[in-house]
Amino acid sequence: MDPININNASAEELLNAHAHLWNHMYSYLNSMALRCAIQLGISDAIHKQGKAMTLSELAIALSIPPNKAPCISRIMRLLFHSNFFSKRTSSSGEEAFDLTIHSQLLLKDHPLSVAPFALLALDPIVIEPTFHFGSWSQNEEEYKLESPFQMTHKRSVWEYAKLNLSLTSYSMKPWQVMLNLL
């Protein structure tokens, strides 16, 4: 199969290829917005209010300093587009965000909460090894190690979990579950 000659690609093909690449390059922002929402307790604040909340109400409920309040708007828009929150216009004409089934699974006290697992999956300890996929795969010496996690942290994920039960500040449940599997 001959490679596609980029110079002969249509403008639409080239635009779609660029959009595809840009979406992949920045898709990590969706995960980080999710992590931020859990850390800030956005779902819990809306649940406690019992109705959709405007950005200004959220900023107050979450104790966000006024100079950082515009960041909540960006985070909420990302989370809205990922279907974590619904959006409507409040009686005052402002955007108001409400819970969806997805964001209800982020409530700290909900029996089906996946928030601790999401924080574990998005913890820098877990993410950092992904930066080493390429070097681990190509380096013969590093290849002898069982995983990029072991390459990064000098021990297996199970050994690391045993030594570092305080890995996530939100809840130790995921690590305790992992250790019970040993």
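Further up the page is the structure itself.
Throughout this document, residue positions are counted from 1 along each chain, in the order its sequence is written. Local features are withheld for residues below a pLDDT of 70 in this predicted model, meaning they are given only at 70 or higher, and side-chain atom pairs are given and counted only at 80 or more; totals for whole chains, interfaces and linings count all residues. Based on all heavy atoms of the structure, the side-chain values leave hydrogens and waters out of the count.

Caption draft 1: How the structure looks around the pattern of salt bridges. A pairing counts as a salt bridge when a side-chain nitrogen of Lys or Arg comes within 4 Å of a carboxyl oxygen of Asp or Glu. Within the structure shown, the criterion is met by three salt bridges. Notably, a salt bridge pairs E95 with R77, separated by 3.2 Å at the nearest N-O pair. Pair noted here: E95 is in strand β3 (residues 95-99) and R77 is in helix α5 (residues 69-81), with a separation of 18 residues, a long-range link. Here K87 makes a salt bridge to E95, at a shortest N to O gap of 3.3 Å. The class of E95 is partly exposed, set by a relative accessible area of 24%. The helix and strand labels rest on DSSP assignments: H or I over at least four residues marks a helix, E over at least two residues marks a strand, and numbering proceeds from the N terminus. Partly exposed describes any residue whose relative accessible area lies between the buried limit of under 20% and the exposed limit of over 50%, with all areas from a 1.4 Å probe on protein chains only and scaled to the type maximum.

Caption draft 2: Spotlight on the packing of helix α2 (residues 28-40) against α5. Axis angles are defined between N-to-C directions and span 0 to 180 degrees, where every axis is a line fitted to C-alpha atoms and, for a helix, only to the segment in contact. Their axes nearest at 9 Å, the elements α2 and α5 cross at an angle of 115 degrees. As summarised for this structure, α2 and α5 are arranged roughly perpendicular, according to the angle between their axes. Every pair of crossing elements has a handedness; the one defined by α2 and α5 is left-handed. Judged by residue contacts, L29, N30, A33, L34, C36, A37 and L40 of α2 engage I72, I75, L78 and L79 from α5. Gly falls in the polar group here, along with every residue not listed as nonpolar (Ala, Val, Leu, Ile, Met, Phe, Trp, Tyr, Cys, Pro) or charged (Asp, Glu, Lys, Arg). Grouping the constituent residues of the contact of α2 with α5 by class yields 10 nonpolar, one polar and no charged. Small angles under 35 degrees read as roughly parallel and large ones over 145 as roughly antiparallel, with 65 to 115 read as roughly perpendicular and the rest as oblique. Rotating anticlockwise by less than a right angle from the far helix to the near helix defines a left-handed crossing, while the corresponding clockwise rotation defines a right-handed one. By definition, residues are in contact when any of their heavy atoms lie within 4.5 Å.

Caption draft 3: Structural detail: the packing of aromatic side chains. Stacked, tilted and edge-to-face pairs are distinguished by plane angle, under 30 degrees for stacked and over 60 for edge-to-face with tilted covering the rest, among Phe, Tyr and Trp rings (Trp via its six-membered ring) whose centres lie within 6.5 Å. Applying the stated criterion to the full structure yields three aromatic pairs. Ring geometry for W22 and Y26: centres 5.7 Å apart, planes at 10 degrees, overall stacked. Pair noted here: W22 and Y26 are both in helix α1 (residues 11-26), with a separation of four residues, about one helical turn. Where F149 meets Y160, the ring centres are 5.7 Å apart and the plane angle is 90 degrees; that geometry is what we call edge-to-face. Note that F149 is positioned in helix α11 (residues 148-153) and Y160 in helix α12 (residues 157-163), a separation of 11 residues in sequence. Judged on exposure class, the residue F149 and its partner Y160 are both buried. Three or more aromatic residues joined by ring pairs make a cluster, and in this case those are W22, Y26 and Y28. A cation sits over an aromatic face here: K87 above F80, 4.5 Å from the ring centre. Two limits define a charge over a ring: the Lys NZ or Arg CZ must be within 6 Å of the ring centre, and within 35 degrees of the ring normal.

Caption draft 4: View of the nonpolar core. Counting residues in hydrophobic clusters, the biggest one holds 27 residues, and the most contacted among them are I42, I46, L58, M76, L79 and F85. Listing elements by their share of this core, those giving two or more residues are α2, α3 (42-49), α4 (55-61), α5, β3 and α7 (115-121). Element by element, the count of residues in this core is highest for α2, at five residues. In contact with F85, other than residues within four places in its own chain, are I42, S43, I46, M76, L79, F80, F97, D98, L99, T100 and S103. We define the nonpolar core as a collection of buried residues of types Ala, Val, Leu, Ile, Met, Phe, Trp, Tyr and Cys that are connected through side-chain atoms lying within 4.5 Å of one another.

Caption draft 5: Inspection of the side chain of S90 at higher detail. If you trace the backbone, S90 turns up in the loop between β2 (85-89) and β3. Setting aside residues no more than four positions away along its own chain, S90 makes contact with T54 and A96.

Caption draft 6: Molecular detail of a nonpolar patch on the surface. There is a patch of nonpolar side chains on the surface, built from L21, W22, M25, Y26, Y28, L29, M32 and L78 and spanning about 770 Å² of accessible area. At the level of elements, α1 and α2 are the ones that each hand at least two residues to the nonpolar patch. If you tally residues by element for the nonpolar patch, the top one is α1, at four residues. Structurally, the position occupied by M25 is in helix α1. Note on M25: relative accessible area 46%, which makes it partly exposed. Each patch groups residues whose relative accessible area exceeds 30% and which form no salt bridge, using 9 Å between like charges and 5 Å between nonpolar side chains of Val, Leu, Ile, Met, Phe, Trp and Tyr. Using a 1.4 Å probe, accessible areas were evaluated by the Shrake-Rupley method; residue-level cover was limited to the displayed protein chains.

Caption draft 7: Spotlight on the sheet that holds strand β1 (residues 53-54). The three strands are arranged β1-β3-β2 in an open sheet whose pairing can be described as antiparallel. Looking at the sheet topology across the chains shown, the edges are occupied by β1 and β2. Sheet contacts for α3: β1, β2 and β3; angle to β3, the most-contacted strand, approximately 95 degrees. The strands that α5 touches are β2 and β3; relative to β2, the one it contacts most, it runs at about 115 degrees. Strand pairing follows a simple DSSP-based rule, namely that at least 2 bridges must link the two strands.

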